[in-house]
Amino acid sequence: MKLRAIAKKIAYRANALNAYHSLLHRNCLTVLMFHRVLPDSEMMRMGADPAYTITPALLAGVLEFVNRHYSLVSANEVLASLRRESPLPPRPLLVTFDDGWRDNVEWGLPVLRGHPWTMFVAAEVDAEPGLWWQEVLLWTVRTGRATYEDLWERAPSRNSQTAATDPTDILALLLRFGNLPPDDRRATLAPYEAELRPRCNGRQMVGKEELIALRKERVDLGAHGASHLPLSRLPDPADDLERSWDWRQTVGGLPILSLPHGRYDANVIRTARNLGYAAIFTSDPALNACPDGWLKNAVIGRISMPAASVCGESGVLSAERLSAHLYLRPREHHKSEFL
């Protein structure tokens, strides 16, 4: 066992980490960021990305832990704190899910029922006639069905750049396919979608029926952009943000935004605030200061929850690893121009 893992175990069993958290994080908002929820068998069958997928059992274990060490809050309570209407309780924690996966309703909702949580939905996933094209593309690369370079060449760009960029820059490939006319994109990805479709249980993403079910369960809804492309790399992020703002209003969502792929700059933040987004959630792994329960900043960090970071070698949730993953985070990470 590595020395760091041993140190975490000793600190946890001596109650040092919990004492540290109880004392220093009383006035900090922690926000968890999840994506997909699937049992192991379904995860393997669908080829879901294990870096962004947890099992219902793991979600239940995390929820049990945070119920012991935090006060779960809703997005509405976060907004009330920002408006200086009512303070957050000590050691507040908000649970969020990104993208709008249907499995959040099928597998996540039964675990989370009765607890406050928020789903950020990319507005245009509801318009997908089949599988979500971005997941088809990522699955194709992830499983080696086609190489990055091959896919790059199959999606001709309108500009002069023809050579594949850094294969580790998957966002560049998403942007390249995002620039294609929808029919061309669908035709290019059709062979891979045909292979992936039998592995999936119908639609991958939420539709109106799932959103209605979530609203009845008093789950808060927020925007996650329109196209789910990285906003700071779009030529006109305002157009994307406006479309997501309009969609949010149609489903009764709150004026809150989660930044797709965690990408943002000062222009993105300024544009979102000007549209009326009252809270903007990043993927920056930081805690958020809320002295006396009053949240200081409207740009809010979140902690991603990959199974590999919170489970032991056996694949079972480790309280030692989870506590270190959550507690040992910096506070305040934003530059002044983002506030």
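Conventions we followed
Residues numbered from 1 in each chain as written. Predicted model: local features only at pLDDT ≥ 70, side-chain atom pairs only at ≥ 80, totals over all residues. Heavy atoms only, no water. Phe/Tyr/Trp six-rings, centres within 6.5 Å; stacked < 30°, edge-to-face > 60°. Helix = DSSP H or I, 4+ residues; strand = E, 2+ residues; numbered from the N terminus. Lys NZ or Arg CZ within 6 Å of the ring centre and 35° of its normal. Buried < 20%, exposed > 50% of the residue type's maximum accessible area, 1.4 Å probe, protein only. Arc of directions from axis to C-beta. Contact = heavy atoms within 4.5 Å. Polar contact = N/O pair within 3.5 Å; in protein donor to acceptor, adjacent residues only side chain to side chain. Core = buried A, V, L, I, M, F, W, Y, C linked by side-chain atoms within 4.5 Å. Salt bridge = Lys/Arg side-chain N within 4 Å of Asp/Glu carboxyl O.

## Points about the packing of aromatic side chains
Stage number 1. With the rule as written, the count across this model stands at 8 aromatic pairs.
Stage number 2. Between Tyr 70 and Tyr 327, the aromatic rings sit 6.4 Å apart at their centres with planes inclined by 50°, giving tilted as the arrangement. Linking Tyr 70 in the loop between α4 (56–69) and β4 (71–72) with Tyr 327 in helix α15 (residues 319–327), this pair joins segments that are 257 residues apart in sequence.
Stage number 3. Cluster of aromatic residues (ring-pair linked, three or more members): Phe 34, Phe 97 and Trp 117.
Stage number 4. Positioned above the aromatic ring of Trp 133 is the side chain of Arg 185, whose terminal nitrogen or guanidinium carbon lies 4.5 Å from the ring centre.
Stage number 5. We note Arg 248 situated over the ring of Trp 245; from NZ or CZ to the ring centre the distance is 4.0 Å.

## Remarks on helix α13 (residues 266–275)
Stage number 1. Inspection of α13 places Val 268, Ile 269, Thr 271 and Ala 272 among the buried residues, and these make up the whole buried set. Along the axis of α13, the buried residues cluster in a sector spanning 165°; they form a single face.
Stage number 2. Buried positions along α13 lie against α12 (237–250), β8 (256–258), β9 (279–281) and β11 (299–300).
Stage number 3. Between the side-chain oxygen of the N-cap and the backbone nitrogen of Asn 267 there are 3.2 Å, and the N-cap of α13 in question is Asp 265.
Stage number 4. Just past α13, the residue Gly 276 takes up positive phi, approximately 125°.

## So, the nonpolar core
Stage number 1. Phe 34, Val 66, Trp 117, Phe 177, Leu 214, Met 305 and Leu 326 are the most contacted members of the largest nonpolar core, which has 82 residues in total.
Stage number 2. Once residues lying within four places of it in the same chain are set aside, the contact partners of Phe 177 are Trp 133, Leu 137, Leu 151, Ala 155, Arg 185, Thr 188 and Leu 189.
Stage number 3. By size, the runner-up hydrophobic cluster in this structure holds 16 residues, among which are Val 73, Ala 75, Val 78 and Ile 256.

## Details of the pattern of salt bridges
Stage number 1. In the structure shown here, the tally under the stated rule is 17 salt bridges.
Stage number 2. With a shortest N-O distance of 2.6 Å, Arg 154 and Asp 150 are connected by a salt bridge. Here Arg 154 and its partner Asp 150 are both found in helix α8 (residues 148–154), 4 residues apart, which amounts to about one turn of the helix.
Stage number 3. In this structure, Asp 240 and Arg 243 form a salt bridge, with 3.8 Å as the shortest nitrogen-oxygen distance. Of this pair, Asp 240 and Arg 243 both sit in helix α12, 3 residues apart, which is roughly one turn of the helix.
Stage number 4. Residue classification places Asp 240 among the buried residues on the basis of a relative accessible area of 3%.
Stage number 5. Residue classification places Arg 243 among the partly exposed residues on the basis of a relative accessible area of 33%.
Stage number 6. Salt bridges here are not isolated pairs; linked through shared partners, they connect Glu 124, Asp 239, Asp 240 and Arg 243.

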